[in-house]
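Structural description and commentary
Given next are the chains, with one letter for each unit.
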Amino acid sequence: MGEAIVITSGKGGVGKTTSSANLGTALALQGKKVCLVDTDIGLRNLDVILGLENRIIYDLVDVIEGRCRIQQALVKDKRFEDRLFLLPAAQTTDKNAVNPEQMKDLITELKRDYDYILIDCPAGIEQGYKNAVAGADKAIVVTTPEISAVRDADRIIGLLEQEDIEPPKLIINRIRGGLIDSGDTLDVNDITTHLSIDLLGIVLDDQNVISSSNKGEPVVMDPNNPAALGYRNIARRILGESVPLMSVNTGKPGFFGKLKALFTK
Amino acid sequence: MSKQQCVTIKGTKDGLVLRLDDKCAYSELLEELGKKAQDPGLDGAVEVQIHTGSRYCNDETAKEIIKVVETPGNLRVSKIQSDVITMEECNRRVTERQSETYIGIVRSGQEVRAKGDLVVIGDVNPNGHVSAAGSIYILGRLKGKAHAGNAGNKEAVIAASWLEATHLMIADQVETMTDELAILSEHPEMECAYLHTNGFIAIDRLQDLRLLRPGLSTFKGGS
């Protein structure tokens, strides 16, 4: 019996889908059997980021309305043998095509076959959100170091706390060391004390995240990328390992950096 | 006539008091009350209080009594007093005086309401809303909206460990915490908001609450 984790944020554009794709990939790299479920019906993206867009035949609404079996709709990511699957959202209808009870049944069925089911939640707190949360056992809230994103995260945490799930955990995405240093943005500590939930991990801002998403290869597959390291650490924490929080590189040279600069001059 | 009278008129330092007997029949009482009110000895508009003793008066009977007393035109009823209240009324009074405790964070979009005083142990985040008929006490950061005395109690206060609210409301007065209120941004720690005699909401140190609202303290003794 696997566990279902919903990845949500309230605000759009903070990296829910990117985080879902990367965490799913990272868990698959760790040898777990993972199913990603895109619940953003009408505005699906997860398939694009995973590079599986042109392999979709059936989608989530087809499964729920009984036009196909779950196995037929699941798209296998060939890079990970039999460990990473995607249940894509429908693009031709909207969020009202599905109701929370149907989602709950679907996720329960998926939990039998997979270790982890990551549910990519749409932005907002309406029908799409309710569908996404319905079947989840746990929740991850993604935010960025912007006040608007933190406000919405606060709202969504309030809603999640009323659901019958474990207390949500936090990912702070797109952290920019330089801006924190100059005091122009919230730092990790500000955000965690404001939201007062457990921090699952931080992900540094990196331009390769966008370029690799465009190529359909989640950035986490590049082991040397700083953002990838953040996602890998989060995946390890989901698996129960205790991994120390990575430091935010603020761009200021440390002692050894200065020493090195002295000799290389 | 040997029959005991149902209405006795007494003069006290607060004015005339009509003491109504609580054993006699209601119809008898009204009849006698009507007669007494027409007493030629009473002239001009005299204010009277009515004590009903252990007789329970609901709103309707109270209105009827007032009508009977006031119809002749000599008397005006300033208040009706009774020694008994209903359980409902009693419970309402108890809840109004009670303080309710909320432990947790009041997050954006959430609303916490209390019928009496409200104690919040935790933060009130921006766009979170706390509201009480009595006073609001927050052990944490108040960063959202707070409304004390929402039923019109002007004596209610809002006290917080960190008072950084966006909106403060006391009774029907609203204050938006703009940058002009420099006192907030400089020292948000341990402060309280109250309705000043000038009609606006003022903010002061929590330590001054003892002098500003001595009536809020319910603690007896402790020398």
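Rules used throughout
- Residues numbered from 1 in each chain as written.
- Chains lettered and ligands numbered in written order.
- Predicted model: local features only at pLDDT ≥ 70, side-chain atom pairs only at ≥ 80, totals over all residues.
- Helix = DSSP H or I, 4+ residues; strand = E, 2+ residues; numbered from the N terminus.
- Buried ≥ 20, exposed ≤ 12 C-beta atoms within 10 Å, placed from the backbone.
- Contact = placed C-beta atoms within 7 Å.
- Rg over C-alpha atoms; globule rule 2.2 N^0.38 Å.
- Arc of directions from axis to C-beta.
- Pairing = 2+ DSSP bridges.
- Axes fitted to C-alpha atoms, helices over the stretch in contact; angles between N-to-C directions.
- Nonpolar A, V, L, I, M, F, W, Y, C, P; charged D, E, K, R; others polar.
- UniProt positions renumbered as here; feature names shortened; annotations may be inferred.

1. Here's the deal with the overall build of chain A
Assigned secondary structure in chain A consists of twelve helices and eight strands. Taking the principal axes of the C-alpha coordinates as reference, chain A spans close to 70 × 40 × 30 Å. The burial tally for chain A puts 48% of its 265 residues in the buried class. Long-range pairs, those at least 24 residues apart, make up 76% of the contacts in chain A between residues at least 6 apart in sequence.

2. Observations concerning the overall build of chain B
Broken down by element type, chain B carries five helices and 15 strands. For chain B, the C-alpha radius of gyration of 25 Å lies well beyond 17 Å, the compact-globule estimate for 223 residues. With respect to the three principal axes, the spread of C-alpha positions in chain B is 80 × 40 × 35 Å. Put simply, chain B has 223 residues, and 27% of those count as buried. Contacts spanning at least 24 positions in sequence make up 35% of the contacts within chain B whose residues lie at least 6 apart.

3. Re helix α9 (residues 188-195) of chain A
Three or four residues apart is the spacing at which side chains of an α-helix point the same way, because the helix has 3.6 residues per turn. Residue and element names in this part refer to chain A. Those residues of α9 that sit buried are I191, H194 and L195. The arc that holds the buried residues of α9, viewed along the axis, is 85°, so those residues lie on one side. When the buried face of α9 is taken as reference, the exposed residues oriented beyond 90 degrees from it are N189 and T193. Among the residues trailing α9, S196 stands out with phi positive, at a value near 40°.

4. A short note on the sheet that holds strand β2 (residues 15-20) of chain B
Residues and elements named next belong to chain B. Read from one edge to the other, the open sheet built from four strands follows the order β1-β2-β3-β4, with strand pairing classed as mixed. The open sheet has two free edges, formed respectively by β1 (7-12) and β4 (75-81), since each of these has just one partner strand. Going from strand to strand, the sheet's axes swing by 30° on average, the running direction of each strand aside. Taken strand by strand, helix α1 (residues 26-37) contacts β1, β2 and β4, and its axis lies near 50° from that of β1.

5. Describing the interface of chain A and chain B
Across the boundary between the two partners, chain A contributes seven residues, which contact eight residues of chain B. Element by element, the count of residues in the side of chain A that touches chain B is highest for helix α7 (residues 147-161) of chain A, at five residues. Grouping the amino acids of the side of chain A that touches chain B by side-chain chemistry returns one nonpolar, three polar and three charged.

6. Here we look at the pairing of β2(B)
All names here are of chain B. Pairing of β1 with β2 involves six bridges; the strand directions are antiparallel. Its bridge partner lying in β2, T8 is registered against R19. As consecutive antiparallel partners, β1 and β2 are separated by two residues. Pairing between β2 and strand β3 (residues 46-51): four bridges, direction parallel. Bridge pairing in β3 links L18 to I50.

7. As for helix α6 (residues 127-134) of chain A
Residue and element names in this part refer to chain A. When you tally the buried positions in α6, you get six out of eight residues, the bulk of the element. Along α6, the residues that are buried comprise G128, Y129, N131, A132, V133 and A134. Contacts from the buried residues of α6 go to β1 (3-8), α5 (100-111) and β5 (116-120).

8. Section: the UniProt feature "domain: AAA" (unreviewed entry) in chain A
Cross-referencing UniProt, the feature "domain: AAA" (unreviewed entry) maps to residues 3-157 of chain A in the present numbering. Regarding residues 3-157 of chain A, the helix share stands at 37% and the strand share at 18%, and the terminal C-alpha atoms are separated by 20 Å.

9. A short note on the pairing of strand β12 (residues 167-170) of chain B
Residue and element names in this part refer to chain B. Where strand β10 (residues 145-148) lies against β12, four bridges are found, and the strand directions are parallel. When the bridges of β12 are listed, A148 appears paired with I170. Direction of pairing for β12 relative to strand β13 (residues 173-176): antiparallel, over a ladder of four bridges. Note that in β13 the partner of H167 across the bridge is T176. Between β12 and β13, which pair antiparallel one after the other, the connecting turn spans two residues, and A171 there sits at a positive phi close to 50°.

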